[in-house]
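An overview of the molecular structure
Letter by letter, the chains look like this.
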Amino acid sequence: METNKRKAAVEEGDEHNLAGEGGLASSVREPAAKRQKQTNNEDFQGQPAQEATKLTSESDRPHNTRSAPPAGPGLGQAVVATGRTPRKWTDEYFRNLYIKDPSFKYLGQKDPDFAPFLDSKNQLDFNDPAAVMQLTKTLLKIDYGLKIDLPSNRLCPPVPNRHNYILWLTSLLSSSSYHPHSNPLPDQKNTKSRPSIGLDIGTGASAIYPLLGCIQHPSWSFIATDIDAHSLSFAQRNIHLNNLQDRITLLHRTPDQPLIAFDSPIITKQSIDKIDFTMCNPPFYSSPSDLLSSAAKKSRPPLTACTGAPVEMVCDGGEVAHIFRMIDESLVLREKVTWYTSMVGKVTSLETVVERLRKEKIQNYAVTELVQGKQTKRWVVGWSFGGMRAGEAEGRGVGGVWKKLLPPVVRMEVGVWKDREKVEKVVERVKKTVEGSELMSWEWSGERMRGVGRARGNVWSRAWRRKRKREMKAVEEGKKKEDGDGNGTKEEEQCKLGFEVVIEVGKDGETKVVLLWREGHDQGLFESLWGYLQGKLKEI
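Residues numbered from 1 in each chain as written. Predicted model: local features only at pLDDT ≥ 70, side-chain atom pairs only at ≥ 80, totals over all residues. Heavy atoms only, no water.

**A word on a positive patch on the surface**
Basically, it comes down to this: Exposure above 30% relative accessible area and the lack of any salt bridge qualify a residue for a patch; like charges then connect within 9 Å, and the nonpolar side chains Val, Leu, Ile, Met, Phe, Trp and Tyr within 5 Å. Surface exposure here means Shrake-Rupley accessible area, sampled with a 1.4 Å probe, where a residue is shielded only by the protein chains that are shown. A side-chain nitrogen of Lys or Arg and a carboxyl oxygen of Asp or Glu constitute a salt bridge if their distance falls within 4 Å. In this count, Lys and Arg are taken as positive residues and Asp and Glu as negative ones, while His and the chain termini are left out. Charged groups are reduced to one reference atom each: NZ for lysine, CZ for arginine, CG for aspartic acid, CD for glutamic acid. Here a strand is any run of E in DSSP of at least two residues, a helix any run of H or I of at least four, and the numbering for each starts at the N terminus.
Together, Lys432, Arg462, Arg465, Arg466, Lys469, Arg470 and Lys536 line one region of the surface with positive charge. Examining the composition of the positive patch, we find that five residues originate from one element, helix 15 (residues 462-476), more than from any other. Counting through the fold element by element, Arg462 comes out in helix 15.

**Some thoughts on the pattern of salt bridges**
To keep things clear, this is the line we draw: Summary of the burial criterion: residues with accessible area below 20% of their type's maximum are buried, those above 50% are exposed, and those between are partly exposed, where the area comes from a 1.4 Å probe applied to protein chains only.
The final tally for this structure, using the stated rule, is 17 salt bridges. Close ionic contact of Arg237 with Asp149 constitutes a salt bridge, the shortest N to O distance being 3.0 Å. In this pair, Arg237 sits in helix 7 (residues 229-241) while Asp149 sits in the loop between helix 4 (129-144) and helix 5 (159-175), placing the two residues 88 residues apart along the sequence. Assessed through its relative accessible area of 24%, Asp149 is described here as partly exposed. The residue Arg411 makes a salt bridge to Glu504 at a minimum N-O spacing of 3.7 Å. Placement of Arg411 in strand 11 (residues 411-417) and of Glu504 in strand 14 (residues 497-505) is noted, with a sequence separation of 93 residues between them. Among the ionic contacts, a cluster of salt bridges with common partners joins Asp328, Arg356 and Glu360.

**Regarding helix 5**
Each α-helix turn comprises 3.6 residues. Residues three or four places apart therefore point the same way. Stated formally: Each residue after the first adds 1.5 Å to the expected span of a helix.
Given a rise of 1.5 Å per residue, 17 residues ought to cover 24 Å, and the 24 Å separating the end C-alpha atoms of helix 5 matches this to within 8%. Most of helix 5 is tucked away: 17 of the 17 residues are buried.

**Here we look at the packing of helix 5 against helix 6 (residues 208-216)**
Geometry of a packed helix pair, given as the angle between the helix axes and the separation of the axes. Put simply, the test is: For every element, the axis is a line fit to its C-alpha atoms; helices are fit only across the contacting stretch, and the angle between N-to-C directions ranges from 0 to 180 degrees. Just so you know how the angles are binned, under 35 degrees is roughly parallel, over 145 roughly antiparallel, 65 to 115 roughly perpendicular, and the rest oblique. Left-handed describes a crossing in which the near helix is turned anticlockwise from the far one by less than a right angle; the clockwise case is right-handed. The contact criterion used throughout is that any non-hydrogen atoms of two residues lie within 4.5 Å. Residue classes follow a fixed rule: Ala, Val, Leu, Ile, Met, Phe, Trp, Tyr, Cys and Pro count as nonpolar, while Asp, Glu, Lys and Arg count as charged, and any other residue, Gly among them, counts as polar.
Relative orientation of the contacting elements helix 5 and helix 6 amounts to 55 degrees, with a least axis distance of 10 Å. Taken together, the axes of helix 5 and helix 6 are oblique relative to one another. Helix 5 and helix 6 meet at a crossing whose hand is right-handed. Of helix 6, the residues touching helix 5 (which contributes Val159, Asn161, Arg162, His163, Tyr165, Ile166, Leu167 and Thr170) are Ile208, Tyr209, Leu212, Gly213 and Gln216. Here the residues of the contact of helix 5 with helix 6 are counted per class, giving seven nonpolar, five polar and one charged.

**Points about the packing of aromatic side chains**
Quick reminder of the rule: We call Phe, Tyr and Trp rings a pair once their centres come within 6.5 Å, taking the six-membered ring for Trp, and we label the pair stacked below 30 degrees between planes, edge-to-face above 60, and tilted otherwise.
According to the stated counting rule, one finds 14 aromatic pairs in the structure shown. Summarising the aromatic geometry, the rings of Tyr165 and Tyr209 are spaced 5.2 Å apart at their centres and angled 80 degrees between planes, so their arrangement reads as edge-to-face. One end of the pair, Tyr165, is in helix 5; the other, Tyr209, is in helix 6, with 44 residues separating them in the sequence. Its relative accessible area of 0% is what places Tyr165 among the buried residues. Look at Phe222 and Phe277: their rings are 5.8 Å apart centre to centre, the planes differ by 75 degrees, and that puts the pair in the edge-to-face class. Remark: Phe277 occurs in strand 6 (residues 275-280) and Phe222 occurs in strand 4 (residues 220-226); sequence separation between them is 55 residues.

**Some thoughts on the pairing of strand 13 (residues 450-455)**
Where a strand is regular, its side chains alternate between the two sheet faces. Let me state the cut-off plainly: Two strands pair under a simple rule: DSSP has to find at least two bridges between them.
Alignment of strand 12 (residues 441-445) against strand 13, held across five bridges, turns out to be antiparallel. By the bridge assignment for strand 13, Trp444 is matched with Gly451. The turn joining strand 12 and strand 13, which pair antiparallel and follow one another in sequence, is formed by four residues; a positive phi near 50 degrees is taken by Met449. In this sheet, strand 14 lies alongside strand 13 in antiparallel orientation, the contact comprising six bridges. Looking across to strand 14, one finds that Gly453 is bridged to Phe499.

Now the structure itself:
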C-alpha cells in the first residue's frame, strides 16, 4: 500500500510546493507527526556546505564525457574520485554540489541570517515560508556568491533542483557538439566554455536560472521573459545586485505573445538570430481547483510554505499545454534554436509530451530524470531539429518501466576482449577498418584511443563501393552524372552520420570497443556501421 501511495505521489508531481519541490529530505523518514520539520545534523568541521561531501570513486573524467553513461548517481549528482575537495567555481565543484544534503548546522554557523530559523536540534521548519526563503538565500550566498531579494508573494525556488537543470543543460550542450562546451579540465575554472545564448521562459522574481547559468559559465548570456510585472521588478533588482545586467536581458511579455521571443524588437536590435537553448519551468496546474486538489492529497497541509501566485502556478491545460505550445512554435522556428527544453513535473505529462514529439516525427529528443533527496523527482525533456545527438546519459536518463519514453540508443558495444595483449591488435584493426571507408573526415587520437568520423552515407557497404566504381567509370568516359546521384554533388556531401569509436581498456586488461552516434537522423545507418565493425573485429 505504501508503495502505491509513493508511486501515485510521484505521478502527481508530489511536493511541488515550496516545501517539497527540490526540498532537502531527511536521511531517515520521520514519523508522520514530525515530518513537517527536516534536519541535517552532520558537522563537517567548518567546510563549506557543498564541499563537505565525501567524494566516492568513479572516474576522473569530466561529466561531459560521452563514452559511457555514469553508473550510480544520476545527472546533477555526479561523483568524481579526486580524493580532495574541489576548488570553488570549477566544473568539478559545480558537479559535486548537493550530492548530499547541505549541513543545516554548518549553514547556520556560516550565515547569521539562517541561524535563527533552526531549532535546538538544527531542524528547519519547511512549513514556514520565511525559513524556506532564507534557505534559498543562504545556499545561493554560500555556494554561488549570489545575493537575491525575494518577494513574499511569489515562488521561492529550491536551489538544488534548479542547479540540476543547469547541470543537465551543460552536459546536453557538450554531448551534442564536436567541440565540448565546458573546459575539459575539472580542476580549472570554466573560463573557456564557448559562448551560448539561453532563453529562460518565465524567469520569475528570482531570475534563478540566468543567475546560476552565468555564474557557472562566464561565456553564457540569457534572455529572460515573464508576463508578470511584479516578478520582473524583483528579477531586475537581483540581476543588478549581482552586476549581471550586461549578460541578462529581461523581456516583459504578454500571454498572447509567442513564448520564444524572436518577435521582440530588443532581440532584433541585439542581432540575435539563433539561440542555443530554451529552458522553462512551466505552470504546473491547469486551474486553481487543480492546485488545491493536488495539495489536499499530500502529506503536508495544503499550500504549505507555498508563496506562489496563480500567475506562476496555473495556466489553461497545465504544463502539458504549455509545452505543447513550445512544440508548436518550434515546428515553425526549427533550427533557430539548437535545443528546446522544459522541466516536467509529472511522469504522465512526460509520456504525453514524448507522444506528441513522436507524432511530429521529432526523433532527436532527450529525456532525463532529476532526483533530489529521497522522494522528489522532476524530469526534463529536450528536442532538436539539428543533427547532433545528445549523449546516452543526457538523452536517455530515465530507467525502469519508463524506457518506452526514451529516444533511440546512441551507444552500442561492438566487442569485448579479455586478453590485455590484444589491445594493440584491436586498435590497429579499428583504425584500418574505419580508414578503409571513404569518409568525409576521420580524426584519430592515439592518446585518448578514440576517433571521430563523418560519413555521407553507408560508405562501408558493398553497394556503395559498386556505386562508386560505376561513377568513376562514368567520369573516365566523360559522362559524369549531374542529377544529384553523381560524385561530389551538394546532396551527397551532406553528413548523414557522425560517429565516434572509443576503445576502453579496464584495469583488469579488458578491452572494449564502443560506437557512439554523434550526428544524423538515420538510426538504421548507425546500426549498419555497428554491424560492419562487429564483422571486421570478430576474428580477433
